Amino acid sequence: QVQLVESGGGLVQPGGSLRLSCAASGSSFSIYAMGWHRQAPGKQRELVATFRLGSSANYTDSVKGRFTLSRDGAKNTIYLQMNSLKPEDTAVYYCNALMGPNLLSMRAYWGQGTQVTVSS
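Residues numbered from 1 in each chain as written. Predicted model: local features only at pLDDT ≥ 70, side-chain atom pairs only at ≥ 80, totals over all residues. Heavy atoms only, no water.

Some words on the state of the cysteines
Turning to step 1, where the next piece is worked out: Considering all chains together, one arrives at one disulfide under this definition.
Turning to step 2, where the next piece is worked out: The residue that forms a disulfide with C22 is C95, at a sulfur-sulfur distance of 1.9 Å. Measuring handedness by torsion sign, the sulfur bridge of C22 and C95 sits at about -85 degrees and is left-handed. With a gap of 73 residues between them, C22 in strand β3 (residues 18–25) and C95 in strand β9 (residues 91–100) connect regions that are remote in the sequence. Taken as a pair, C22 and C95 share a single burial class, namely buried. (Disulfide = S-S within 2.5 Å. Helix = DSSP H or I, 4+ residues; strand = E, 2+ residues; numbered from the N terminus. Buried < 20%, exposed > 50% of the residue type's maximum accessible area, 1.4 Å probe, protein only.)

Printed below as a string of structure tokens:
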């Protein structure tokens, strides 16, 4: 079974930093896209940052300049470096990936989520 294993969440003060990691395992399927969504209390889930096959990282406007998405292709792992964190960044962060044996047979996979809390 495909698994997305997340780590790095926690409690941090405003202005602090965290680094999230997500490793895809359990499948030899190609990864066509991989990134992070988040869902804050009382709000809709939103895209935070993502890599797509053959493309550079994309970010939602609210995190541009503060968050950096990177990848280690050999380990099927992505990282989200989060700097200058704000209370409004508080959310459950979900790793996600589009994977499949070919472009016509891919599906979305989701991690269990990791809590990020930014508070004084």
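A word on the pattern of salt bridges
Turning to step 1, where the next piece is worked out: Tallied over the full model, the rule gives four salt bridges.
Turning to step 2, where the next piece is worked out: Among the salt bridges present, the one from D89 reaches R38, with a minimum N-O distance of 3.0 Å. Highlighted residues: D89 in the loop between β8 (77–82) and β9 and R38 in strand β4 (residues 30–39), separated in sequence by 51 residues.
Turning to step 3, where the next piece is worked out: The exposure class assigned to D89 is buried, which follows from its relative accessible area of 1%.
Turning to step 4, where the next piece is worked out: The closest approach of N and O atoms between K64 and D61, which form a salt bridge, is 3.1 Å.
Turning to step 5, where the next piece is worked out: The exposure class assigned to D61 is exposed, which follows from its relative accessible area of 62%.
Turning to step 6, where the next piece is worked out: Connected through salt bridges with shared partners, the residues R38, E46, R66 and D89 form a single ionic network. (Salt bridge = Lys/Arg side-chain N within 4 Å of Asp/Glu carboxyl O.)

Remarks on the sheet that holds strand β1 (residues 3–7)
Pairing between the strands of a sheet comes from backbone hydrogen bonds, and it takes one of two forms, parallel or antiparallel.
Turning to step 1, where the next piece is worked out: Read from one edge of the open sheet, four strands run β1-β3-β8-β7, paired in antiparallel fashion. Lying at the two open borders of the sheet, with one neighbouring strand each, are β1 and β7 (67–72). Going from strand to strand, the sheet's axes swing by 15 degrees on average, the running direction of each strand aside.
Turning to step 2, where the next piece is worked out: Note: β3 against β8, six bridges, orientation antiparallel. Each bridged residue has a counterpart across the sheet, and for A23 the counterpart in β8 is T77. (Pairing = 2+ DSSP bridges. Axes fitted to C-alpha atoms, helices over the stretch in contact; angles between N-to-C directions.)

Quick look at the pairing of strand β5 (residues 46–52)
Turning to step 1, where the next piece is worked out: Note: β4 against β5, six bridges, orientation antiparallel. When the sheet's bridge partners are listed, W36 is paired in β5 with A49.
Turning to step 2, where the next piece is worked out: Turn length for the β4-β5 hairpin, with the two strands adjacent in sequence and antiparallel, is six residues, and the turn residue G42 shows positive phi of about 75 degrees.
Turning to step 3, where the next piece is worked out: Here β5 runs beside strand β6 (residues 58–59); their pairing, made up of two bridges, is antiparallel. Pairing of T50 across the sheet is with N58, part of β6.

Purely spatial values, then, with no claim about function.
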